[in-house]
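Here are the chains, one letter per residue:
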Amino acid sequence: MRYLEKEDIVEVIQERLLDESLQLDDNILTGLEEKAIAFATSYISGRYKTSEIFGDPILRHAVLVQAIAMIVVYRAVRRNAARKVPDDYTDIYKEAKEILKNIQSGAQTLDGLPEITSDSGSTAKLMYGNTTNDDFFI
């Protein structure tokens, strides 16, 4: 694993349950983590420099680590086709997506991580205006 540590995942699910879902294959866990990072990147790439966050060296942030760990746990449990995913795992997956949506919208920030900036060095913000005004005042 490159961004998460096993302890991050064990904070979300008991290690015994994780091992049962993965059948003691760490390659599966690494693949799930890569896909969860790609999923998180698709949400936050418009606001943060994900190539620097997930690059070398990695830049960890507790909120992002938690969200990615929650997604990995959900997908690890979901891969077990023998049973339906319990509601509590589905709830943590929904919570992780909500965290990523909040980061994307700016309601939550990842302090200390590099934001996308304009050429002048200020953070890029989207500005809305009303074009129905005949005088075109913003």
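Everything discussed here concerns the structure shown above.
What you see is a predicted model, and the numbers here were worked out from it, not measured in a lab.

*Asks:* What is the right way to read the overall build of the protein from this model?
*Replies:* When helices and strands are counted, the protein shows 6 helices and 0 strands. Listing the helices and strands of the protein from first to last along the sequence gives α-α-α-α-α-α. Buried residues in the protein amount to 33% of all 138 residues. In the protein, once contacts between residues fewer than 6 apart in sequence are set aside, the share between residues at least 24 apart is 73%.

*Asks:* Explain the nonpolar core to me, please; I cannot follow it from the model alone.
*Replies:* Generally speaking, a soluble globular protein has its nonpolar side chains buried in company with each other. In terms of nonpolar packing, the biggest core is built from 39 residues, with Tyr-3, Leu-64, Ile-68 and Leu-100 touching the most fellow members. Where this core is concerned, the elements lending two or more residues are α2 (15-22), α3 (26-44), α5 (62-78) and α6 (87-105). Per-element tally for this core: the top contributor is α5, with 12 residues. Leaving out residues up to four positions away in the same chain, Leu-64 has contacts with Tyr-3, Ala-40, Ile-44, Ile-53, Phe-54, Leu-100, Leu-110 and Leu-113.

*Asks:* Honestly, the packing of aromatic side chains in this entry has me stumped. Any pointers?
*Replies:* The description of an aromatic ring pair uses the distance of the two centres, along with the angle that the planes make with each other. For the structure on display, the rule yields 4 aromatic pairs. Pairing Phe-39 with Tyr-43 gives two aromatic rings, centres 5.3 Å apart and planes at 65°, and the pair type is edge-to-face. Of this pair, Phe-39 and Tyr-43 both sit in helix α3, 4 residues apart, which is roughly one turn of that helix. The class of Phe-39 is buried, set by a relative accessible area of 19%. With relative accessibility at 18%, the residue Tyr-43 sits in the buried group.

*Asks:* Just to check I follow, could you spell out the packing of α3 against α5 for this structure?
*Replies:* When two helices pack together, their arrangement is given by the angle between the helix axes and the distance between those axes. Across the interface, α3 lies against α5 with an axial gap of 9 Å and an inter-helix angle of 130°. Considering their axes alone, α3 and α5 lie oblique with respect to each other. Between α3 and α5 lies a crossing of right-handed hand. The residues of α5 that touch α3, namely those facing Leu-29, Leu-32, Glu-33, Lys-35, Ala-36, Ile-37, Phe-39, Ala-40 and Ile-44, are Leu-64, Ile-68, Ile-71, Val-72, Arg-75 and Ala-76. A per-class count over the contact of α3 with α5 returns 12 nonpolar, no polar and 3 charged.

*Asks:* Sorry, what's going on with α5 here?
*Replies:* Counting along an α-helix, one turn takes 3.6 residues, and residues three or four places apart therefore face a common direction. Here α5 spans 24 Å end to end across 17 residues, near enough to the 24 Å set by a 1.5 Å rise per residue. Summarising burial for α5: 12 of the 17 residues are buried, a large majority. Tucked into the core, α5 has its buried residues touching α1 (6-10), α2, α3, α4 (50-53) and α6.

*Asks:* Help me out: how do you make sense of the environment of Glu-33 in this one?
*Replies:* Structurally, the position occupied by Glu-33 is in helix α3. For Glu-33, a relative accessible area of 0% translates into the label buried. Discounting residues that sit within four places of it in the chain, Glu-33 has contacts with Met-1, Arg-2, Tyr-3, Leu-4 and Val-72. Only 2.9 Å separates the side chain of Glu-33 from the backbone nitrogen of Arg-2, close enough to count as a polar contact.

*Asks:* When you look at a negative patch on the surface in this model, what are you seeing that I'm missing?
*Replies:* Negative charge collects at one region of the surface, where Asp-87, Asp-88, Asp-91 and Glu-95 lie side by side. You can see Glu-95 is positioned in helix α6.

The rules behind each value
- Residues numbered from 1 in each chain as written.
- Predicted model: local features only at pLDDT ≥ 70, side-chain atom pairs only at ≥ 80, totals over all residues.
- Heavy atoms only, no water.
- Helix = DSSP H or I, 4+ residues; strand = E, 2+ residues; numbered from the N terminus.
- Buried < 20%, exposed > 50% of the residue type's maximum accessible area, 1.4 Å probe, protein only.
- Contact = heavy atoms within 4.5 Å.
- Core = buried A, V, L, I, M, F, W, Y, C linked by side-chain atoms within 4.5 Å.
- Phe/Tyr/Trp six-rings, centres within 6.5 Å; stacked < 30°, edge-to-face > 60°.
- Axes fitted to C-alpha atoms, helices over the stretch in contact; angles between N-to-C directions.
- Parallel < 35°, antiparallel > 145°, perpendicular 65-115°, else oblique.
- Left-handed = near helix turned anticlockwise from the far one by under 90°.
- Nonpolar A, V, L, I, M, F, W, Y, C, P; charged D, E, K, R; others polar.
- Expected span 1.5 Å × (residues − 1).
- Polar contact = N/O pair within 3.5 Å; in protein donor to acceptor, adjacent residues only side chain to side chain.
- Patch = residues over 30% accessible without salt bridge, like charges linked within 9 Å, V, L, I, M, F, W, Y side chains within 5 Å.
- Areas by Shrake-Rupley, 256 points an atom, 1.4 Å probe, with all protein chains shown as cover.
- Salt bridge = Lys/Arg side-chain N within 4 Å of Asp/Glu carboxyl O.
- Lys, Arg positive; Asp, Glu negative; His and termini not counted.
- Charge placed at Lys NZ, Arg CZ, Asp CG, Glu CD.

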